[in-house]
Amino acid sequence: MNIGIIDADLLDNGTRHPNLALMKISGYMKEMGHDTSLLLNYNDVYNYEKIYMSKVFSFTDVPLDYRQFPDIEYGGTGFFEDGGENLPQDIEHHMPDYQLYDPYIAAKVAQGAKPNTYSDYVDYSIGFTTRGCFRKCDFCVNKKYNHVFRHSPLTEFLDKNRKYIYLWDDNIMGYNKWHEVFDELEATGKYFQFRQGLDIRLMTDEKAKRLKTLKYKGDFIFAFDHIQDKELIQSKLKLWRKHINKTTKLYVLCSFDSTNTYDETFWVSDIINTFERIKILMQFGCLPYIMRYERYKTSPYRGMYINLGRWCNQPNIFKKMSFNNFVDRNQELAKTPRPCSAKRYADSFRLRYPNVAQKYYDLRFEDLNQYK
Ligand code: SF4
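In this text, all values refer to a predicted model and were calculated from it rather than measured experimentally.

Reading the values: the criteria
- Residues numbered from 1 in each chain as written.
- Predicted model: local features only at pLDDT ≥ 70, side-chain atom pairs only at ≥ 80, totals over all residues.
- Heavy atoms only, no water.
- Near = heavy atom within 4 Å.
- Nonpolar A, V, L, I, M, F, W, Y, C, P; charged D, E, K, R; others polar.
- Helix = DSSP H or I, 4+ residues; strand = E, 2+ residues; numbered from the N terminus.
- Buried < 20%, exposed > 50% of the residue type's maximum accessible area, 1.4 Å probe, protein only.
- 1 Å grid on protein atoms, 1.4 Å probe; cavity = no way out; pocket = protein on both sides within 12 Å on 5 of 7 lines; lining within 4 Å.
- Points joined across faces, edges and corners; volume = space filled by probe spheres on them.
- Contact = heavy atoms within 4.5 Å.
- Expected span 1.5 Å × (residues − 1).
- Pairing = 2+ DSSP bridges.
- Axes fitted to C-alpha atoms, helices over the stretch in contact; angles between N-to-C directions.
- Parallel < 35°, antiparallel > 145°, perpendicular 65-115°, else oblique.
- Core = buried A, V, L, I, M, F, W, Y, C linked by side-chain atoms within 4.5 Å.
- Salt bridge = Lys/Arg side-chain N within 4 Å of Asp/Glu carboxyl O.

S.K.: Please clarify how the site of the ligand should be interpreted in this entry.
M.R.: Neighbouring the ligand are the residues Cys133, Arg135, Lys136, Cys137, Phe139, Cys140, Asn142, Asp170 and Arg201. A per-class count over the shell around the ligand returns four nonpolar, one polar and four charged.

Structure (structure tokens):
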């Protein structure tokens, strides 16, 4: 059969990550003797006997009446909130087709894109060593399972010719045999990283010591989603810093309310507790990465969320400047006596909540960091 593969996210906005499910489908189908091709646009769909399509993001546009389309199978969290049906076992555990995206990359490079833009596609072996997470955070699509369990041995997706490994495990820290996974990773001799972030709340001395000895690629990334976890996160960061002084980032989720009560009280307390989490991270020499839930766009303080993201998510700025410094710098760069947008947002919030501004606007990473 002549099989067409559609990575709908790729065709809509482009994406940095290859679609692992599609790579596995392609690998399996090739082994069954079929031809597979990644579609570079939707015009070609009628040239294939069978189509497999996937998307990760619900906002990805699919300009195809796929429900009426003959011989198409589609899946992924972009179509089904829980990801839809699992792939059949033979496909799920098949070696991904690491060549699937080659024609796409070649076309992009020929158009002038830098080859290293596609590092995720060409330099990494990709897979899940474990799956599942027991936490069921309200904002997370990952609710299919109640525990963390072993999914694949590394050999199932390891391409020895690829320099690095990245893993999509949902919560490796929650797996009771985590050390077996780390042993396998170590035995490859390759640098690796977990892309979903690690659960700092499950950090132990043993895990931190082990992570210190491993070839972990890039920054360590955790999450600090709820201010209610403040004491726990502080104690875990203290433990972490006993062993590791490498750059550590924490996702800071904001503008999300699990009770769906988006009123003035929520918005103000959300901004206060976002600042408070930033302050705690400064104290541990960690970098916040602001994750704005889409709902921020409806907030009367939408501009404050934009400011917080622009300030924190640029480490070089965040490490040197307080929130006030950042706003002033924006004003300088605007080269106009009229207040720039960053200044307007910060000033109007200060006007309504001067105590909050006084408490947080001047905090500086350099001053608070106890782990220089
Ligand atoms: S801990 Fe992470 S993977 Fe688990 S439910 Fe929460 S956000 Fe999702």
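S.K.: In this structure, what is going on with unusual backbone geometry? I would like to understand it.
M.R.: In terms of backbone geometry, most residues other than glycine have negative phi values and most peptide bonds are trans. In this structure, Lys136 is a non-glycine residue whose phi angle is positive, near 55 degrees. With respect to the helices, strands and loops of the structure, Lys136 is situated in the loop between strand 6 (130-131) and strand 7 (149-150). Phi is positive for Asn260, which is not a glycine, with a value near 60 degrees. Examined against the element boundaries, Asn260 turns out to sit in the loop between strand 11 (248-254) and helix 9 (264-283). Taking relative accessible area as the criterion, Asn260 reaches 53% and is therefore assigned exposed.

S.K.: Before we go on, may I ask you to explain the layout of surface pockets in this structure?
M.R.: Over the atoms, a rolling probe the size of a water molecule traces out where space has been left empty. One number sums up the size of the second largest pocket: a volume of about 270 Å³. The wall of the second largest pocket is formed by 15 residues, among which His226, Gln228, Phe256, Phe266 and Asn273 lie closest to the centre. Among the secondary structure elements, those contributing two or more residues to the lining of the second largest pocket are strand 11 and helix 9. Across the lining of the second largest pocket, the residue classes tally to five nonpolar, five polar and five charged.

S.K.: Hey, could you run me through the environment of Leu100 in this one?
M.R.: Among the structural elements, Leu100 can be located in the loop between helix 3 (89-92) and helix 4 (102-110). Separated by 21 residues in sequence, Leu100 and Tyr121 place their C-alpha atoms 9.3 Å apart. Every residue in contact with Leu100, bar those within four places of it in the chain, is listed here: Ile5, Leu22, Met23, Ser26, Ser37 and Leu38.

S.K.: In this structure, what is going on with helix 9? I would like to understand it.
M.R.: Count 3.6 residues to each turn of an α-helix, and residues three or four apart come out pointing the same way. Compared with an ideal rise of 1.5 Å per residue, which puts 20 residues at 28 Å, helix 9 spans 29 Å between its outermost C-alpha atoms and is within 8% of the ideal. Counting buried residues along helix 9, 15 of its 20 residues qualify, which places the element largely inside the surrounding structure. Of the residues flanking the end of helix 9, it is Gly285, one or two places downstream, whose phi is positive at about 65 degrees.

S.K.: Even after reading the chapter, I still don't get the sheet that holds strand 1 (residues 2-7), so can you show me in this structure?
M.R.: Strand pairing in a sheet relies on backbone hydrogen bonds, with the paired strands running either antiparallel or parallel. With respect to topology, four strands assemble into an open sheet ordered 2-1-3-4, the strand pairing being parallel. Looking at which strands have only one partner, the edges of the open sheet turn out to be strand 2 (35-38) and strand 4 (72-75). Between one strand axis and the next, the sheet turns through 20 degrees on average, direction left out of account. Summarising the sheet, strand 3 (residues 50-54) and strand 4 pair through four bridges and their orientation is parallel. The partner of Tyr52 across the bridge, within strand 4, is Glu73. Sheet contacts for helix 2 (residues 20-31): strand 1, strand 2 and strand 3; angle to strand 1, the most-contacted strand, approximately 170 degrees.

S.K.: Even after reading the chapter, I still don't get the packing of helix 9 against helix 10 (residues 302-312), so can you show me in this structure?
M.R.: The relative placement of two packed helices is expressed as an angle between their axes plus a distance between the axes. Orientation of helix 9 relative to helix 10, taken along the N-to-C sense of each, is 10 degrees, at an axis distance of 11 Å. Viewed along their axes, helix 9 and helix 10 adopt a mutual orientation that is roughly parallel. From helix 9, Trp267, Asp270, Ile271, Thr274, Phe275, Ile278 and Met282 reach across to helix 10, where they touch Met304, Tyr305, Leu308, Trp311 and Cys312. Tallied by class, residues from the contact of helix 9 with helix 10 come to 10 nonpolar, one polar and one charged.

S.K.: Before we go on, may I ask you to explain the nonpolar core in this structure?
M.R.: Proteins that are soluble and globular tend to have nonpolar side chains buried together. Counting residues in hydrophobic clusters, the biggest one holds 96 residues, and the most contacted among them are Leu211 and Trp311. Tallying contributions element by element places helix 9 first for this core, with nine residues. Beyond its immediate sequence surroundings of up to four residues, Trp311 is in contact with Phe275, Ile278, Met282, Ile317, Phe318, Met321, Ser322, Phe323, Phe326 and Leu363. One finds Ile6, Leu39, Val45 and Ile72 within the second-largest nonpolar core, a separate group that totals 14 residues.

S.K.: Is there a simple way to explain the pattern of salt bridges in this structure?
M.R.: Here the idea is simple: oppositely charged side chains can pair when their charged atoms come close. Counted by the stated rule, this structure contains 21 salt bridges. One salt bridge in this structure joins Lys242 and Asp205, with 3.1 Å as the shortest N-O distance. A residue pair is termed long-range when its members are at least 10 positions apart, and Lys242 in helix 8 (residues 230-243) and Asp205 in helix 7 (residues 205-213) qualify at 37 residues. Residue class for Lys242 comes out exposed when judged on its relative accessible area of 58%. Using a relative accessible area of 29% as the deciding quantity, one classes Asp205 as partly exposed. The residue Asp347 makes a salt bridge to Lys343 at a minimum N-O spacing of 3.4 Å. Of this pair, Asp347 and Lys343 are both found in helix 13 (residues 341-352), four residues apart, which corresponds to roughly one turn of the helix. With a relative accessible area of 27%, Asp347 lands in the partly exposed category.

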